[in-house]
Amino acid sequence: MAKLAIANRGEVAVRIILAAQELGIPTVLLHSEVDVGTRAWRMADEKVCIGPATTAESYLRIDRNIEGALAAGATMVHPGFGFLSENADFAQACIDAGLIFIGPKPETIRALGDKISAKQLIEKANVPTVPGYAGSDQSLETLVAHAQRIGFPVIVKAAAGGGGRGMKVIRSKAEAPELIASAQREGKAAFGSEIVFLEKYLDHAKHIEFQVFGDFTGRCVHLFERECTVQRRHQKIVEESLSPSLTPELRAQMAAAAVGLAEKAGYQGAGTVEFLVQDGEFYFLEMNTRLQVEHPVTEMVLGVDLVKAQILTAMKAFRIWKQSELTPRGHSIECRLYAEDSYNRGLPSTGELLGMHWPEGPGRRYEVGFEAGDEVTAYYDPMIAKVIVWDEDRPRAIRKMLRTLDDCVVFGVKTNIPYLKAILTHKDFLDGSMTTQFISQYFPEGLEAQEPTEEMAAFAAGALKSVSSVGAVSSAAGVSPWTQGWRFV
Ligand code: ADP
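All of the points below concern the structure found in this document.

What counts and how
Residues numbered from 1 in each chain as written. Predicted model: local features only at pLDDT ≥ 70, side-chain atom pairs only at ≥ 80, totals over all residues. Heavy atoms only, no water. Axes fitted to C-alpha atoms, helices over the stretch in contact; angles between N-to-C directions. Helix = DSSP H or I, 4+ residues; strand = E, 2+ residues; numbered from the N terminus. Parallel < 35°, antiparallel > 145°, perpendicular 65-115°, else oblique. Contact = heavy atoms within 4.5 Å. Nonpolar A, V, L, I, M, F, W, Y, C, P; charged D, E, K, R; others polar. Phe/Tyr/Trp six-rings, centres within 6.5 Å; stacked < 30°, edge-to-face > 60°. Buried < 20%, exposed > 50% of the residue type's maximum accessible area, 1.4 Å probe, protein only. Lys NZ or Arg CZ within 6 Å of the ring centre and 35° of its normal. Near = heavy atom within 4 Å. Polar contact = N/O pair within 3.5 Å; in protein donor to acceptor, adjacent residues only side chain to side chain. Areas by Shrake-Rupley, 256 points an atom, 1.4 Å probe, with all protein chains shown as cover. Domains from an automatic or database assignment. Core = buried A, V, L, I, M, F, W, Y, C linked by side-chain atoms within 4.5 Å.

Where helix α4 (residues 88-96) meets helix α5 (residues 106-113), the axes come as close as 8 Å, and the angle between the chain directions of the two elements is 180°. The pairing of α4 with α5 is recorded here as roughly antiparallel in orientation. Of the residues in α5, those touching α4 at A88, D89, A91, Q92 and I95 are P106, I109 and R110. For the contact of α4 with α5, the residue count by class is 5 nonpolar, 1 polar and 2 charged.

Shown next, in the form of structure tokens:
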């Protein structure tokens, strides 16, 4: 009898539980102490507490996750994304404990997870990579000399890095030693390795990634691309599928490169091959050996369920789609909705979520890890939800997203909805010409503070009255809701 343990939390844990429920597979949530009572905790059939709030003592502990899964009698483990999802030792530990790890083989994760060895693999597959230095001589003098040879600007990256961390852009020789040393320190602290590599910094590039999927027989397909060019500090905020930037020829070349790499790596399950595209040329960036945060936009344009496909592939119960069956239709956009202050440099806004409303409508989808009463804490990522829309073409999808964001209501914390709307209505986003510099170019400090109009203040005050039964909000009565920890948008 199959039973699925989830070594994760928040919205991705909810997403996995929903897929398992539809497949009739019982679930076990492996959670930290502070996640008792969260939405995923309430939805899971069983739960095992694996440690305190700090991720290093719970979600990142291989031994505790394995012990928890075994104690509950689980047969499989889904790692979600982040945490241990790209940790080859965890995949191996699952296998050693007799559990099915939902993802590629440990050796595949190891080969592709290190950005340097992944680049070597892809060079063998004849896919272009960004010019740079990825040698074993890691002395500061050698690295600075190579940075100078490559020509500034140069980007230094931690080989084991991810999530935009352990990366610095170096614009001159003078700042090279300090920035390289700080990338080494960050790599060591966050990922346990101080090995770094250098790349030419492409300063007007687009981030375009291909979803790939391999089945247990070694056959691989691609599920087209996502454009994730809108980024802040190298982290994605708005993603879409398909990309507005590719010609059919370039799309075909990049898809062939992505599938070629997946096949060479003996890839099984869902993976993503990331590229930078600049001046009509594409360059391999890295391969992520897991489900991506932005997977829903692919699901929307192709009508597939990637999480169910992952589970069934791991159970050897599924032969993946034929390439010819995968035909995209329409356009999908995802916005990451964060608990943060759009008007104060995106500072995180923590607190209890007093109430939320996700407006229904055709082609609207929400991936939410929270319910009213849950708390956004400083321990974990402050993403409240992913708002996803689908429509028949890109302009309609943008309009639908704007309308949807207008109707979303979050009480208790500030959100980045005003920021998202500013992005979606910017001319460079509308015409699809944005590059990864978009945010730093136009919104480096978030948005300009705005005084609420009288009409907005009256509306907010009315809303305040109508939700005063929720409790904590009523204590804010008499004080401007705009300066309290919540916002109506
Ligand atoms: P991570 O694993 O931390 O997400 P990536 O290597 O995928 O790191 O890069 C994340 C983002 O950083 C890219 O989408 C891009 O915006 C930027 N970036 C990375 N390498 C380069 C480069 N050589 N030139 C320009 N931008 C880059």
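Take the packing of aromatic side chains next. Applying the stated criterion across every chain yields a total of 12 aromatic pairs. Here F210 and F275 contribute two aromatic rings whose centre-to-centre distance is 6.3 Å and whose plane-to-plane angle is 80°, an arrangement assigned as edge-to-face. A residue pair is termed long-range when its members are at least 10 positions apart, and F210 in strand β10 (residues 206-214) and F275 in strand β13 (residues 269-278) qualify at 65 residues. Both residues of the pair, F210 and F275, belong to the buried class. An aromatic cluster is built from Y59, F83, Y379 and Y380, whose rings are joined through pairwise contacts. A cation over an aromatic ring shows up here: K47 above the ring of W41, its NZ or CZ 4.6 Å from the ring centre.

The next thing to look at is the site of the ligand. Near the ligand you find 20 residues, and of these G164, L202, H207, Q231 and E286 are the closest. In this structure, an oxygen atom belonging to the ligand sits 2.9 Å away from a side-chain N or O atom of K115. In this structure, K157 approaches the ligand through a side-chain N or O atom, which is 2.8 Å from a nitrogen atom. Calculation on the ligand without its partners gives an accessible area of 550 Å², and the protein chains cover 96% of this total. When residues of the shell around the ligand are traced back to their parent elements, those giving at least two are β7 (154-158), β9 (196-200), β13 and β14 (281-288). Residues belonging to the shell around the ligand are distributed by class as follows: 6 nonpolar, 7 polar and 7 charged. Residues from two domains meet in the shell around the ligand; each of domain 2 (131-200) and domain 3 (206-442) gives at least three.

This paragraph deals with the side chain of S193. If you trace the backbone, S193 turns up in the loop between α8 (176-191) and β9. Those residues in contact with S193 that sit more than four places away from it in its chain are A160, Q184, G187 and K188.

Further remarks concern helix α7 (residues 140-150). Turn by turn, an α-helix covers 3.6 residues, leaving residues three or four places apart pointing in a common direction. The complete set of buried residues in α7 reads T142, L143, V144, A147 and I150. Of the surrounding secondary structure, the elements contacted by the buried residues of α7 are β6 (132-133), β7, α8 and β9. After α7 finishes, the residue G151 shows a positive phi value of roughly 100°.

The next subject is the nonpolar core. One broad rule of soluble globular proteins: the nonpolar side chains tend to lie buried together. Judged by nonpolar contacts, the single largest core of 41 residues is most densely connected at L4, F213, L223, I311 and W321. Among the elements of the structure, β1 (4-6), α1 (10-23), α2 (39-43), β11 (220-232), α10 (295-302), α11 (306-314) and β22 (383-391) are those that each provide at least two residues to this core. With 7 residues, the single largest contributor to this core is α1. Contacts of L223, omitting those with residues within four sequence positions, involve Q211, V212, F213, T298, L302, V304, L306, W321 and L326. Within the second largest apolar cluster, 37 residues are counted, among which are C335, A385, L402 and L447.

By themselves, these observations are geometric and do not establish any function.
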